[in-house]
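# Structural description and commentary
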Amino acid sequence: MRAHALSSPSFTGGVHRGAEHTDLNELGRTPVAVICAGVKSILDISKTLEYLETQGVTVATVSEEHADFPAFFARSSGERSPLTLRDAEGCAALIESEPLFYGPQAANHQLELNSGMVFAVPIPQEQSFEGNEVERAIKEAVEEAERKSITGRDVTPFILKRVNELSCGRSLSANVALVLNNAKVGAAIARHLQILEDAAQGSAFAGTAI
C-alpha cells in the first residue's frame, strides 16, 4: 500500500461520548497514514477504535513498552491496541505491506482497500499525565459545558480550554510536546519509506539489466 500522504495532526477525530456519530469516515476511504498521539480522552476511545475497525482502518501503537492504545495526554487509555509496532521502520514496512506482517492488519494491501492507517505514538513520559488526572479535569469541564448549555462544535474547544485551565497550563505544554514527537516519528517513517522505495527500484533495475 502506498499511502497518498503522511499526516501528523493533533488527532481530534472520533466518536464523542454518548454519541453514535463520528467524523472519521474519511479515514475509511482514503489511503493516508496518520501519525497521532492517540485519541483525546474527551472522546469515547473504545467506540472510536471499534468504528475504525468497521471502516477497515489499520490501527497500530508505536511503542516498545506496552500494547495499550494511547490517550493523547496519557500514555495509556486502558484499551488494548489492535497492533503494536516497535519503531518507525516497522510502520514503513506495514505501509508497504512487507511479508514481515501478516494477518488482518495487512488486509489494506491484500484486499486492495482504500482505507487509511493510524499510527498512535504515546506522548513522551516526562510530559504525560498519570492516573485519573486528565479524566477528573475532563469530567469537570464536561459537566460545566452541560450546565452552560454549550453544544455542537463549541463543545470541544470549550472542554480543551477548561482542561488547560484546570491543569494549570500543563495540557498545553503536553500538547506541544506530543505534536513535536509525532512530527519526529512521522519524519522517521517517511525516511524508511524512501529507503524501501529506493531498494525496490534498485531491484527492478537489476532485474532488467543485461
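As recorded in an unreviewed UniProt entry, the protein chain goes by the name Pseudouridine-5'-phosphate glycosidase, listed as coming from Olpidium bornovanus.

We now examine the overall build of the protein chain. The number of helices and strands found in the protein chain is six helices and five strands. Secondary structure elements in the protein chain, listed N-terminal to C-terminal, are β-β-α-β-β-α-α-β-α-α-α. Taken across its 210 residues, the protein chain has 45% of its residues classed as buried. Counting contacts in the protein chain only where the partners sit at least 6 residues apart, residues at least 24 apart contribute 73% of the total. Split by element, the accessible area of the protein chain, about 11,200 Å² in all, is 53% carbon and sulfur.

On to the packing of aromatic side chains, then. The geometry of an aromatic ring pair is captured by two quantities: the separation of the ring centres and the angle between the planes. Using the criterion set out here, one finds two aromatic pairs in the structure. On the numbers, 5.1 Å between centres and 80° between planes, the contact of F72 with F73 is edge-to-face. Classification of F72 by relative accessible area gives buried; the value is 0%. On the basis of relative accessible area, F73 is assigned to the buried category, the value being 7%.

An ideal rise of 1.5 Å per residue puts 16 Å on twelve residues; helix α5 (residues 155-166) measures up with 16 Å between its terminal C-alpha atoms. Of all the residues in α5, the buried ones are F158, I159, R162 and V163. What you see down the axis of α5 is that its buried residues fit within an arc of 130°, all on one side. Phi for C168, located one or two positions after α5, is positive at around 55°.

Take the pattern of salt bridges next. Scanning all chains against the criterion turns up nine salt bridges. Note that R75 is salt-bridged to E65, the shortest N-O span being 2.9 Å. Of the two residues, R75 sits in the loop between β3 (58-62) and β4 (84-85) while E65 sits in the loop between β3 and β4, which places them ten residues apart along the sequence. A relative accessible area of 14% means that R75 is categorised as buried. We note a salt bridge from R170 to E133, for which the minimum N-O separation is 2.8 Å. Taken together, the residues span a long stretch of sequence, with R170 in helix α6 (residues 170-208) and E133 in helix α4 (residues 133-147) at a distance of 37 residues.

Quick notes on the rules
Residues numbered from 1 in each chain as written. Predicted model: local features only at pLDDT ≥ 70, side-chain atom pairs only at ≥ 80, totals over all residues. Heavy atoms only, no water. Helix = DSSP H or I, 4+ residues; strand = E, 2+ residues; numbered from the N terminus. Buried < 20%, exposed > 50% of the residue type's maximum accessible area, 1.4 Å probe, protein only. Contact = heavy atoms within 4.5 Å. Areas by Shrake-Rupley, 256 points an atom, 1.4 Å probe, with all protein chains shown as cover. Phe/Tyr/Trp six-rings, centres within 6.5 Å; stacked < 30°, edge-to-face > 60°. Expected span 1.5 Å × (residues − 1). Arc of directions from axis to C-beta. Salt bridge = Lys/Arg side-chain N within 4 Å of Asp/Glu carboxyl O.

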